[in-house]
Structures are given as C-alpha cells and as structure tokens.
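# Observations on the three-dimensional arrangement
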Amino acid sequence: MNKPVDDMGLPPVLAEMAQAAVEICGDDPHREGVPAKIVALLEDAFKNPETRDAAMGMVKQGMDLFGTNADPGFGIMGVESSKIGYREPHDHGPCWAVNVQVKGRLRMVHWARDSVDEETGDIVISKIDECVLEPGDVDYSPPTVAHELYPLTDDSVELAIRCHSLTTIIQHRYDRSTGEYIHWSWAKKEAVGGGKFEAVGAENEPEPLSSLVKRV
C-alpha cells in the first residue's frame, strides 16, 4: 500500500484522515469489516465543514487528493461534475468503491450483475437502489456492484475513494444508450473485451446517456 505522503502537502485534517484510512486498509483492504470502518471514518470526517472545505481546496489544485491512479494502494480523487458530468454504470471489478459528496447534489444508482451467459458473454444487471447525496453524505459500492452517477447541480463535487489503483483492475462499464458493455483497462486505456447487456429495473430511469467515449 502507498504511504501517507503527498507531494502537494495535505492539510492536517485530510492528512489525519488519510493516515487512518491507510492503517484501516493495511495490506488487505478486502478483509471483512474494512469497508464499514472506512465508511464510518469518512462519515465522521466529512460531516465537518472544515474537512469539506479542505477537500475543495485540494480538488482545485489537482484531481488526486491522496495517492494517484498509478499508485498500487489506497487513493482519493476529486471529481468535478462541470468537468466530467454523468458517468455510466461502472464497477471497480473485485474492489470496493466509496463516494463522498463534498459540494452540491448528486444522484447515485446501484446496479448488481445478476448473470453472465457463458456462451455469448451477455450480462444481466438489475437496479438495486438509488439515493441523492448531499454534502457530507457517503456512499458505498461493494465489489462487482456498479454505480451510475447523475450530477444534479453544476457545482457538484465528490471524492472517489478506492482500495486499489484503477490501473490494477478491469472495470465493467455499461452503456445504457446502446445496451453494450466493455471491459475497460485503465492501465492500457482501452477496452479489452465486451458484449451486450440487459438492464432490469430501468423502466423509470431517465433517458439513457452515454459517456464511454467522452471519459476515455
């Protein structure tokens, strides 16, 4: 795991939180109980306006608050909706993901992968739930569960927290506008496979959007 050192210099309130998160994760962030402790840590930290203000300051300096997508361990990245916008349903492979709302409002939808046809590769995903994140709210996505993000305000800013670098995993990314998915490699920055999928429970969802090309 990466060490709690940031070249930009983390504000004390964020450095303390990052240090605690790294210690909780240890050498195996997939251990039972680790995600719940990470969520509790972030909920406690970000209910404090001082922590959110410090995070906003770091987001304005750069996307990565702690760690980077190239580092092997725990990392925190700032996401500004005005720059990225909607994100299609995507998972973090065998890893969990946590999102913290820092500013504005964002709608989060979770999708579970129900089945995979071994012959065709076709996938079925089902909507599990949805929520609206306000400043200080924390959302957890277990391994293999995809999250779909709809910014509800132009000033929406969130933190994407991961247990492993994205370059070490393969994401499933689902384009609801086409019914096609890809296996996305951030290490190669290209699709390394894909197929078709069916989304169960999407009847009342907004018109499908596509950002697979825009985000690569």
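Further up the page is the structure itself.
What you see is a predicted model, and the numbers here were worked out from it, not measured in a lab. (Residues numbered from 1 in each chain as written. Predicted model: local features only at pLDDT ≥ 70, side-chain atom pairs only at ≥ 80, totals over all residues. Heavy atoms only, no water.)

### Let's talk about the side chain of Asp91
Assignment of secondary structure puts Asp91 in the loop between β3 (87-90) and β4 (97-103). A distance of 3.0 Å separates the side chain of Asp91 from the backbone nitrogen of Gly93, its partner in a polar contact. Leave out the neighbours within four places in its chain, and Asp91 touches Arg113, Thr144, Val145, Ala146, Ile170, Gln171 and His172. (Helix = DSSP H or I, 4+ residues; strand = E, 2+ residues; numbered from the N terminus. Polar contact = N/O pair within 3.5 Å; in protein donor to acceptor, adjacent residues only side chain to side chain. Contact = heavy atoms within 4.5 Å.)

### Focus on the packing of aromatic side chains
For the structure on display, the rule yields five aromatic pairs. Measuring from centroid to centroid gives 6.1 Å for Tyr174 and Tyr181, while their planes differ by 45°, and the two rings are tilted. By relative accessible area, which is 5% here, Tyr181 ends up buried. Ring centres of Trp184 and Trp186 lie 5.7 Å apart, and the angle between their planes is 85°; on these two criteria the pair is classed as edge-to-face. Put simply, the rings of Tyr174, Tyr181 and Phe197 pair up and form one aromatic cluster. Sitting over the face of the ring of Tyr150, Arg107 holds its NZ or CZ atom 5.1 Å from the ring centroid. The ring of Trp184 has Arg173 lying over it, and the distance from NZ or CZ to the ring centre is 4.8 Å. (Phe/Tyr/Trp six-rings, centres within 6.5 Å; stacked < 30°, edge-to-face > 60°. Buried < 20%, exposed > 50% of the residue type's maximum accessible area, 1.4 Å probe, protein only. Lys NZ or Arg CZ within 6 Å of the ring centre and 35° of its normal.)

### Notes on the pattern of salt bridges
Two side chains that carry opposite charge are able to pair once their charged atoms sit near each other. Taken as a whole and assessed by the stated rule, the structure comprises 13 salt bridges. Residue Glu80 pairs with Lys60 through a salt bridge whose shortest N-O separation is 2.8 Å. Linking Glu80 in strand β2 (residues 75-80) with Lys60 in helix α3 (residues 49-61), this pair joins segments that are 20 residues apart in sequence. When its relative accessible area of 56% is taken as the criterion, Lys60 is described as exposed. Across the salt bridge formed by Glu205 and Lys127, the nearest N and O atoms sit 2.6 Å from each other. Placement of Glu205 in the loop between β12 (190-200) and α5 (212-215) and of Lys127 in strand β6 (residues 123-133) is noted, with a sequence separation of 78 residues between them. Residue classification places Glu205 among the buried residues on the basis of a relative accessible area of 9%. (Salt bridge = Lys/Arg side-chain N within 4 Å of Asp/Glu carboxyl O.)

### Some words on the packing of helix α1 (residues 12-25) against helix α2 (residues 34-46)
Where α1 contacts α2, the two axes come as close as 9 Å, and the packing angle between them is 170°. Here α2 runs roughly antiparallel to α1, going by the angle between their axes. On α2, the residues that touch Leu14, Met17, Ala20, Ala21, Ile24 and Cys25 of α1 are Val34, Lys37, Ile38, Leu41, Leu42, Ala45 and Phe46. Here the residues of the contact of α1 with α2 sort into 12 nonpolar, no polar and one charged. (Axes fitted to C-alpha atoms, helices over the stretch in contact; angles between N-to-C directions. Parallel < 35°, antiparallel > 145°, perpendicular 65-115°, else oblique. Nonpolar A, V, L, I, M, F, W, Y, C, P; charged D, E, K, R; others polar.)

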